[in-house]
Amino acid sequence: MAIMDAAIGTLQQGFLDPAQIESSRAVMGLDRQLVDDGTYFAAELDGEIVGCGGWSRRATLYGGDHSAGLREPRLLDPASEAARVRAMYTHPAFARRGIGRALLAHCEAQARKEGFASCELMGTRSGEPLYEVAGYQVIERIEDDRGGAPVPLARMRKAF
């Protein structure tokens with residue numbers, strides 16, 4: 001959770017104002033369903049956890065355990081729906097070193113093994129450049145104001 005907190009507070013600087021960063025905490029964080037499903041992973045470097053991220057076969061697109069109104073535990077149909085990439089965070093001290101890209105590639109590979117032909121995610125402004133380089137395209141832009149200030153987010157999709 002410390003990595004998530006650091007990433008939210010630091011890596012969004014320059015993309016969001018302080019009120020939006022604080023507001024984003026209401027809709028970001030860990031969804032323990034990913035852990036229970038065995039689809040959440042940690043990245044280690046020299047024995048230190050430097051990033052985390054996961055994917056889901058469930059309909060929830062984004063949000064942590066505490067995020068009101070975002071839970072949708074229904075299992076997705078791999079034949080007609082996209083898997084979800086969820087809760088991707090890199091410790092700020094290790095940003096821009098390929099940690100997020102490696103986690104993303106691992107999640108995509110796991111989703112493909114389960115028969116999914118595409119993935120969707122809800123990207124933050126700071127995450128969008130990584131996802132675009134990895135082949136994701138914006139399919140919808142929204143603002144989530146559940147934490148107070150409106151936080152811009154991009155629903156993104158990638159077909160395999």
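One can find the structure itself at the top, above this paragraph.
Residues numbered from 1 in each chain as written. Predicted model: local features only at pLDDT ≥ 70, side-chain atom pairs only at ≥ 80, totals over all residues. Heavy atoms only, no water.

Here helix H4 (residues 99-113) is 15 residues long and its end C-alpha atoms lie 21 Å apart, about the 21 Å a rise of 1.5 Å per residue gives. Listed as buried for H4 are Ile99, Gly100, Leu103, Leu104, Cys107, Glu108 and Ala111. For H4, the arc enclosing every buried residue in end-on projection is 160°, short of the 170-degree limit, so these residues lie on one face. (Helix = DSSP H or I, 4+ residues; strand = E, 2+ residues; numbered from the N terminus. Expected span 1.5 Å × (residues − 1). Buried < 20%, exposed > 50% of the residue type's maximum accessible area, 1.4 Å probe, protein only. Arc of directions from axis to C-beta.)

To continue, consider the nonpolar core. Counting 22 residues, the largest nonpolar core has Val85, Leu104, Tyr131 and Tyr136 as its most contacted members. With near-sequence residues (within four places) excluded, leucine 104 lies in contact with Val85, Met88, Tyr131, Ala134 and Tyr136. In this structure, Ile8, Leu16, Ile21 and Val151 belong to the second largest nonpolar core, which totals 20 residues. (Core = buried A, V, L, I, M, F, W, Y, C linked by side-chain atoms within 4.5 Å. Contact = heavy atoms within 4.5 Å.)

On to the pairing of strand S5 (residues 137-144). Pairing analysis gives 7 bridges linking S5 to strand S6 (residues 151-159), with the strands arranged antiparallel. When the sheet's bridge partners are listed, glutamate 140 is paired in S6 with arginine 155. Hairpin remark: S5 followed by S6, antiparallel, with 6 residues in the connecting loop; positive phi at glycine 148, about 120°. (Pairing = 2+ DSSP bridges.)

Attention now moves to the pattern of salt bridges. The full count for this structure, using the stated rule, is 13 salt bridges. Between glutamate 81 and arginine 74 there is a salt bridge, and its shortest N-O distance comes to 3.0 Å. Since its relative accessible area comes to 39%, arginine 74 is described here as partly exposed. Taking the shortest distance from any N to any O, the salt bridge between arginine 157 and glutamate 120 comes out at 2.5 Å. On the criterion of sequence distance, the pair formed by arginine 157 in strand S6 and glutamate 120 in strand S4 (residues 118-124) is long-range, its members being 37 residues apart. A residue is classified by how much of its surface remains accessible, and arginine 157, at 32% relative accessible area, is partly exposed. Looking at glutamate 120, the relative accessible area reads 5%, which means it is buried. Because the salt bridges share partners, they merge into one network encompassing Arg84, Glu120, Arg155 and Arg157. (Salt bridge = Lys/Arg side-chain N within 4 Å of Asp/Glu carboxyl O.)

The subject of this paragraph is the layout of surface pockets. Taken as a whole, the largest pocket holds about 670 Å³ of empty space. Forming the walls of the largest pocket are 36 residues, and the residues nearest its centre are Met88, Tyr89, Thr124, Gly127 and Tyr131. Elements that contribute at least two residues to the lining of the largest pocket include exactly helix H1 (2-11), strand S3 (83-90), H4, S4 and helix H5 (128-133). Take the lining of the largest pocket: its biggest share by element is 6 residues, from S3. The class makeup of the residues in the lining of the largest pocket is 22 nonpolar, 10 polar and 4 charged. (1 Å grid on protein atoms, 1.4 Å probe; cavity = no way out; pocket = protein on both sides within 12 Å on 5 of 7 lines; lining within 4 Å. Points joined across faces, edges and corners; volume = space filled by probe spheres on them. Nonpolar A, V, L, I, M, F, W, Y, C, P; charged D, E, K, R; others polar.)

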